[in-house]
Amino acid sequence: MSISAGTTLSLLRERKPLVHQITNYVVMNETANATLALGALPVMAHALVLNIGTLSPHWVEAMLMAGKAANLHGVPVVFDPVGAGATRYRTDTARRILEQVKVSVLRGNQGEVATLVGVDAEVRGVESIGACSERAEIARAAARKLDLVTSVTGPVDQVSDGERVLAVANGHELLAFVTGTGCMSSAITGCFLAAKRDAPLEAAAEALASFGVAAEDAACGAAGPGSFHVALYDALAGLDPDTLDSRTRIS
Amino acid sequence: MSISAGTTLSLLRERKPLVHQITNYVVMNETANATLALGALPVMAHALVLNIGTLSPHWVEAMLMAGKAANLHGVPVVFDPVGAGATRYRTDTARRILEQVKVSVLRGNQGEVATLVGVDAEVRGVESIGACSERAEIARAAARKLDLVTSVTGPVDQVSDGERVLAVANGHELLAFVTGTGCMSSAITGCFLAAKRDAPLEAAAEALASFGVAAEDAACGAAGPGSFHVALYDALAGLDPDTLDSRTRIS
Amino acid sequence: MSISAGTTLSLLRERKPLVHQITNYVVMNETANATLALGALPVMAHALVLNIGTLSPHWVEAMLMAGKAANLHGVPVVFDPVGAGATRYRTDTARRILEQVKVSVLRGNQGEVATLVGVDAEVRGVESIGACSERAEIARAAARKLDLVTSVTGPVDQVSDGERVLAVANGHELLAFVTGTGCMSSAITGCFLAAKRDAPLEAAAEALASFGVAAEDAACGAAGPGSFHVALYDALAGLDPDTLDSRTRIS
């Protein structure tokens, strides 16, 4: 399937897909606003986004139930394994969700995804950094092992279905200074997947490229992480389907 | 009682009423900031705001207890039945609160309020839209059936005590692109009710009109939902009691 | 030990300490963003920040466990007794944490700290105000009684180790119109303590002075509490170690 973030964004704005999100306390306001700004609605259920940023047994059960229900009804699922590798409980929970729920797209940083494929990685806070080619390899390995599309985000994002690897070079370093931008990218992956459910690889790459373009726009004129954060919602809402494809850097 | 949002706002800023809010994870920061920006303080207890945006059995018990205590002490209660109609648990919980707590003002969107009076309505995410006259009828029906003041918000808000219906034409479409603005309007209803407790119909309409005027101010110069969201707090804090009544459109 | 907020800020940015934060639902996004903006990372564990803004038995247990583990490993602990004095449960919980965990810095407003040393104080919402000399006395009394460093924040902050009292005159009145700024100051105290763990009195004062300078910068050009809130993160990120000491007003 061809890649056109602009076409998918148009579809998404026309259909206003409902994206069910079970996310974490810290960033739920951010993910809901990013979803609204982009043009989708943050509830049930053209896609399901699971995020384990804040974990408790009840929430895990709720995520498993929602995931299984989504599988039953053919609703695509995005999974964000926040903090996998940082604690045993997080790693185990992420594995449990991946075992019991058929996930379409796994979206994490290098440390989180590496942990899930059994590769050791330095996990430093909720951020982790590594070389570009390493991220590509981890994305491909996770996609193969777990039989899904994997997005490993970082300075250049790497998206793989186990065969192909797409590199997404959009984005801005200020994203690392705002809490919840990783979670937002998962939410936006859910939005794009809802609009293009038969092509999760392309949808995942388009989502990250679009989010990256918005970040580039937001960084213009931002005086720091606070004004960048605000401008990010403006930029998501202002993304123009007609010019978007000329700005995405997917290779 | 006469309507003057400016006079009530002056009173509110002078008295700095404490507004107890049991609200939801997603928007609690927004409702607290909106309350602070307006000039009241977001805790105990010149008014009580109950919001079921994020539900769990413990929270429901806490809301029932707080509601009953408020009733006992003559503290006016605002209830925001977030998502009533979207799931059975939400609808049942909203009904349970309305049965066990004497609510002064019910503030919801058309779908939520329609559900509570037994009218079917399309509930799409947490937003729902319908015709203006329909909202007025639903507000009146809910006010009669539940014996309270009902605010049904939308492009034009409709506030009724079962007899009279006040239409509030202030506001801006960008409100729909920011999470928590409905909840903020409930919080602000609590602030106004604290300052004008003997006239809940007027207080509710003044609250929505004031919030709408602030939204109009915030929209000037906003580049999208992010900067609009920020400017909304500035505008709430900047509301001028002396000129406010000339700008409210209550009929 | 000498006081130099600039030197400590340089150290902090160089080392990017991990600051474990168990904080409350309402402000967790704010405290995480303030920590990121300043240049530290908001997770485990060069310092631990405990905040009882939103309480439940499980969270209290988690805080006690984290506090004891931090003590065992020599990780300095900051405690923010949000709402102590407002309810019996909050006061008791704050006392329980102070009994079971060796806290390095207690950071609260006058009413909260006064409650913990057995002095009655008017607690109005989560804000409380009093005279400057009174705050200094309460800070000193708490520091002696509880054998730790106490920061009592207000128009002029007072920081004491039981012997000396440092007054910090930086800050801006708009801080009182944004939810979570007290909690942010606790988070930032954790960041500075991580960079200067052997001098908690100085670290606490430097943290409040730096936060105050950022607030002064943020207030320039802010149109109200919304834009001030945003500019606060920009200003924290923009703090310049080279000029910071010429702007702090610690005496």
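What you see is a predicted model; the values in this text were computed from it and never measured.

A. Representation of the overall build of chain A. When its secondary structure is counted, chain A shows 10 helices and seven strands. Burial analysis of chain A (251 residues in total) assigns 62% to the buried set. Pairs at least 24 apart in sequence give 72% of the contacts found in chain A among residues at least 6 apart. Approximately 9,200 Å² of chain A is accessible, and the part contributed by carbon and sulfur atoms is 54%.

B. View of the layout of surface pockets. All names here are of chain C. Roughly 180 Å³ of volume is contained in the second largest pocket. Taken together, Arg95, Leu98, Glu99, Val101, Lys102, Val103, Leu116, Lys145, Leu146, Asp147 and Leu148 form the lining of the second largest pocket. At the level of elements, helix H4 (88–100) and helix H6 (132–146) are the ones that each hand at least two residues to the lining of the second largest pocket. Considered class by class, the residues forming the lining of the second largest pocket number six nonpolar, no polar and five charged.

C. Broad picture of the pattern of salt bridges. Residues and elements named next belong to chain C. If you walk through the whole model with that rule in mind, you get 27 salt bridges over all chains. Between Glu202 and Arg164 there is a salt bridge, and its shortest N-O distance comes to 2.9 Å. Note that Glu202 is positioned in helix H8 (residues 200–219) and Arg164 in the loop between strand S6 (157–160) and strand S7 (165–168), a separation of 38 residues in sequence. A residue is classified by how much of its surface remains accessible, and Arg164, at 43% relative accessible area, is partly exposed. A salt bridge links Lys196 to Glu206; the nearest nitrogen and oxygen atoms lie 2.5 Å apart. One end of the pair, Lys196, is in the loop between helix H7 (181–195) and H8; the other, Glu206, is in helix H8, and 10 residues separate them in sequence.

D. Structural detail: the pairing of strand S4 (residues 105–109) of chain C. Residue and element names in this part refer to chain C. Extensive coverage of S4 is indicated by the burial of five of its five residues. Where burial is concerned, the two faces of S4 agree: the one with Val105, Arg107 and Asn109 and the one with Leu106 and Gly108 are both buried. Note: strand S3 (residues 77–80) against S4, two bridges, orientation parallel. Counted as the bridge partner of Val78 is Val105 from S4. A crossover links S3 with its parallel partner S4, the connecting element being H4, and its sense is right-handed. Looking at chain direction, S4 and strand S5 (residues 149–153) are connected through five bridges and run parallel.

E. Local environment of the pairing of strand S6 (residues 157–160) of chain B. Residue and element names in this part refer to chain B. Side chains Asp157 and Val159 project from S6 onto one buried face, and the interleaved Gln158 and Ser160 project onto a second face that is buried too. Two elements, strand S5 (residues 149–153) and S6, share three bridges in a ladder whose sense is antiparallel. By the bridge assignment for S6, Thr150 is matched with Ser160. Linking S5 to S6, which pair antiparallel, is a turn of three residues. Sheet analysis places S6 next to strand S7 (residues 165–168), joined by four bridges and oriented antiparallel. The residue of S7 that forms the bridge with Ser160 is Val165. Here S6 folds back onto S7, and the loop between the two strands holds four residues, one of which, Gly162, carries a positive phi near 105°.

F. Expanded view of the packing of helix H1 (residues 5–15) of chain C against H7 of chain C. Residues and elements named next belong to chain C. At their nearest, the axes of H1 and H7 sit 9 Å apart, and the two run at 85° to each other. Here H7 runs roughly perpendicular to H1, going by the angle between their axes. Judged by residue contacts, Ala5, Thr8, Leu9, Leu11, Leu12 and Arg15 of H1 engage Cys191, Phe192 and Ala195 from H7. Considering only residue class, the contact of H1 with H7 consists of seven nonpolar, one polar and one charged.

Cut-offs and rules
- Residues numbered from 1 in each chain as written.
- Chains lettered and ligands numbered in written order.
- Predicted model: local features only at pLDDT ≥ 70, side-chain atom pairs only at ≥ 80, totals over all residues.
- Heavy atoms only, no water.
- Helix = DSSP H or I, 4+ residues; strand = E, 2+ residues; numbered from the N terminus.
- Buried < 20%, exposed > 50% of the residue type's maximum accessible area, 1.4 Å probe, protein only.
- Contact = heavy atoms within 4.5 Å.
- Areas by Shrake-Rupley, 256 points an atom, 1.4 Å probe, with all protein chains shown as cover.
- 1 Å grid on protein atoms, 1.4 Å probe; cavity = no way out; pocket = protein on both sides within 12 Å on 5 of 7 lines; lining within 4 Å.
- Points joined across faces, edges and corners; volume = space filled by probe spheres on them.
- Nonpolar A, V, L, I, M, F, W, Y, C, P; charged D, E, K, R; others polar.
- Salt bridge = Lys/Arg side-chain N within 4 Å of Asp/Glu carboxyl O.
- Pairing = 2+ DSSP bridges.
- Right-handed = clockwise from strand over helix to strand, strands pointing away.
- Axes fitted to C-alpha atoms, helices over the stretch in contact; angles between N-to-C directions.
- Parallel < 35°, antiparallel > 145°, perpendicular 65-115°, else oblique.

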